[in-house]
Amino acid sequence: MIPEISQPDDRELLDAYSHAVIRAVETVGPAVVKIDAGRGAGGSGVVFTPDGLVLTNSHVVDRAAHLTVALPDGRSMRADLVGQDADTDLAVIRVSSPTSTSLPWATLGDSRSVRVGQVAIAIGNPYGFHHSVTAGVVSALGRSLRAQSGRLMDDIIQTDAALNPGNSGGPLVTTRGEVIGVNTAMILPAQGLCFAIASNTARFVAARLIRDGRIRRSYIGVAGQNVPIPRAIARANQLAVTSGVLVVSVEPDSPATTAGLLDGDVVLTFDGGAVTGIDDLLRRLTDERIGMPVALTILRAGRKRQLTIVPSESRSKSG
């Protein structure tokens, strides 16, 4: 006789799922705030330090005349901008209150440990409905998403946990109550396509914003566009790349001018790394390269040439 294999009761599975979500919300929920940025704008945020530092989206607080933070327990207090970075759509604000040391705060988890299919919980204030919760799964990892500044954001978490206007800046949470992302965008009218900035990115950016008030990036002073490299030219110059960045214009008195870059040059590599498009170049313009000589490989009149360029510090608002 074949023994019967007992199947788990659906009610038990549902109860386990419910309890996991409830525990996560009870752990992180008290640290999720509603942000009023004036002019009818606002969003969500999450307190991530005991002394009242709040992580949110740059677009939530951008150009705000004043900031007010409301906690789930009913307290409302003023907040000040510590720093923001439009290129990663992240900002840090600080609650201004003598009781800020008693604020509940959430833990930033390691987004590298996130797996596709695991439960993801979003907490925020969609359409002003205070402290709303949605749940789903992590749909994909390592997505890229264009920030409102035009720069490409990498290491984005995709989830089907429903987001709506007002969720921006709120946390994406695991069932263990760890923040693995900062909710940033949804695609309308798509269903179940929502995105969060990975917590490891948020941790790095937040540390720099707390230290400097902004993200420092390097700059070379060119405007460019993506172009394909004709096969004949690629073969003649023994190039491994099939595209590059065409220099459309060079700013006066810029590092590019000093290095000898000209309109019509095609940038192929930067500091040894292939530049197949504008986004590749922007990714390499980090603060570590400010004031450091960098090798640049270009095509000029169909021939490969080597230049040396010394990036300077960008003075844009976002770095």
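The coordinates are above.
### Focus on the overall build of the protein chain
Thinking step 1. Secondary structure assignment for the protein chain yields 6 helices and 21 strands.
Thinking step 2. Principal-axis analysis of the C-alpha atoms gives the protein chain an extent of 70 × 70 × 35 Å.
Thinking step 3. Sequence-distant contacts, at least 24 apart, represent 60% of the contacts inside the protein chain between residues at least 6 apart.
Thinking step 4. Surface summary for the protein chain: the accessible area is close to 15700 Å², and the carbon and sulfur share equals 54%.
Thinking step 5. If the 31 positive side-chain charges of the protein chain are averaged to one point and the 30 negative ones to another, these points end up 8 Å apart.

### Some details on the sheet that holds strand 3 (residues 53-56)
Thinking step 1. Read around the closed barrel, the 6 strands follow the order 1-2-3-6-5-4; overall the barrel is antiparallel. The average undirected angle you get between the axes of adjacent strands in this sheet is 40 degrees.
Thinking step 2. Across 4 bridges, the pairing between strand 4 (residues 67-70) and strand 5 (residues 76-85) is antiparallel. Bridge pairing in strand 5 links V69 to M77.

### Structural notes on the environment of D253
Thinking step 1. In this fold, D253 is placed in the loop between strand 16 (243-250) and helix 5 (255-259).
Thinking step 2. Measuring from C-alpha to C-alpha, the distance between D253 and G221 comes to 8.6 Å, with 32 residues separating the pair along the chain.

### Concerning the pattern of salt bridges
Pairing between side chains of opposite charge can happen when the charged atoms of each approach one another.
Thinking step 1. Inspection of every chain in the model, using the stated rule, returns 18 salt bridges.
Thinking step 2. Of the charged contacts, one joins R75 and D73 as a salt bridge, the two residues approaching to 2.9 Å between their closest N and O atoms.
Thinking step 3. On the accessibility criterion, R75 (26% relative accessible area) is partly exposed.
Thinking step 4. When the shortest N-O distance is used, the salt bridge between R216 and E313 registers 3.2 Å. You can see R216 sitting in the loop between helix 3 (199-212) and strand 14 (218-219) and its partner E313 sitting in strand 21 (residues 312-313), a full 97 residues away along the chain.
Thinking step 5. Look at E313 and you get buried, because its relative accessible area is 16%.
Thinking step 6. Through salt bridges with shared partners, a single ionic network connects D85, D87, R151 and R217.

### Some remarks on the nonpolar core
The tendency in soluble globular proteins is for nonpolar side chains to be buried as a group.
Thinking step 1. Judged by nonpolar contacts, the single largest core of 47 residues is most densely connected at I35, L55, V69 and I93.
Thinking step 2. Considering every element that reaches this core, the biggest residue donor is strand 6 (residues 90-96), with 5 residues.
Thinking step 3. Setting aside residues no more than four positions away along its own chain, V69 makes contact with V33, K34, I35, R75, S76, M77, A79, I93 and V95.

### Remarks on the environment of A140
Thinking step 1. Turning to its location among the elements, A140 is positioned in strand 9 (residues 132-146).
Thinking step 2. Note: C-alpha distance between A140 and G52 (88 residues apart in sequence) is 32 Å.
Thinking step 3. Apart from the residues within four sequence positions on either side, A140 is in contact with V116, I156, I157 and Q158.

### Brief notes about the environment of T175
Thinking step 1. By the secondary structure assignment, T175 is in the loop between strand 11 (171-173) and strand 12 (178-186).
Thinking step 2. Sequence spacing of T175 and Q118 is 57 residues, and the spatial spacing of their C-alpha atoms is 8.9 Å.

### Topic: the side chain of N183
Thinking step 1. Relative to the helices and strands, N183 is located in strand 12.
Thinking step 2. A residue is classified by how much of its surface remains accessible, and N183, at 0% relative accessible area, is buried.
Thinking step 3. Residues contacting N183, with those up to four places away along its chain left out, are N57, A122, I123, L163, N167, S168, G169, G170, P171, L172, F195 and A196.

### A closer look at helix 3
Thinking step 1. Helix length check: helix 3 (14 residues) gives 20 Å between terminal C-alpha atoms against 20 Å at 1.5 Å per residue, within 8%.
Thinking step 2. Within helix 3, the full set of buried residues consists of S199, N200, A202, V205, A206, R208 and L209.
Thinking step 3. Looking at the buried side of helix 3, the elements it contacts are strand 3, strand 5, strand 6, strand 12 and strand 13 (194-198).
Thinking step 4. Just past helix 3, the residue G213 takes up positive phi, approximately 80 degrees.

### Looking at the pairing of strand 20 (residues 303-309)
Thinking step 1. One ladder, built from 7 bridges, connects strand 19 (residues 294-300) with strand 20; its direction is antiparallel. From the neighbouring strand, L299 faces strand 20, where its bridge partner is K304.
Thinking step 2. Hairpin connection of strand 19 to strand 20: 2 residues between the antiparallel strands, including A301 at a positive phi of 55 degrees.

### Remarks on the pairing of strand 4
Thinking step 1. Burial of strand 4 is one-sided: the residues L67 and V69 facing one way are buried, the residues T68 and A70 facing the other way are not.
Thinking step 2. Pairing geometry for strand 1 (residues 32-36) and strand 4, over 3 bridges, is antiparallel. The partner of K34 across the bridge, within strand 4, is A70.
Thinking step 3. Where strand 4 folds back on strand 5, the antiparallel hairpin that results is connected by 5 residues, among which G74 adopts a positive phi of roughly 100 degrees.

### Examining unusual backbone geometry
Thinking step 1. Here R63, not a glycine, exhibits a phi torsion of approximately 60 degrees, which is positive.
Thinking step 2. Summarising the element assignment, R63 is placed in the loop between helix 2 (58-61) and strand 4.
Thinking step 3. The class for R63 is exposed, based on a relative accessible area of 68%.
Thinking step 4. Despite not being glycine, D155 shows a phi value in the positive range, around 55 degrees.
Thinking step 5. Within the fold, D155 resides in strand 10 (residues 152-159).
Thinking step 6. Taking relative accessible area as the criterion, D155 reaches 38% and is therefore assigned partly exposed.

Conventions and cut-offs
Residues numbered from 1 in each chain as written. Predicted model: local features only at pLDDT ≥ 70, side-chain atom pairs only at ≥ 80, totals over all residues. Heavy atoms only, no water. Helix = DSSP H or I, 4+ residues; strand = E, 2+ residues; numbered from the N terminus. Contact = heavy atoms within 4.5 Å. Areas by Shrake-Rupley, 256 points an atom, 1.4 Å probe, with all protein chains shown as cover. Lys, Arg positive; Asp, Glu negative; His and termini not counted. Charge placed at Lys NZ, Arg CZ, Asp CG, Glu CD. Pairing = 2+ DSSP bridges. Axes fitted to C-alpha atoms, helices over the stretch in contact; angles between N-to-C directions. Salt bridge = Lys/Arg side-chain N within 4 Å of Asp/Glu carboxyl O. Buried < 20%, exposed > 50% of the residue type's maximum accessible area, 1.4 Å probe, protein only. Core = buried A, V, L, I, M, F, W, Y, C linked by side-chain atoms within 4.5 Å. Expected span 1.5 Å × (residues − 1).

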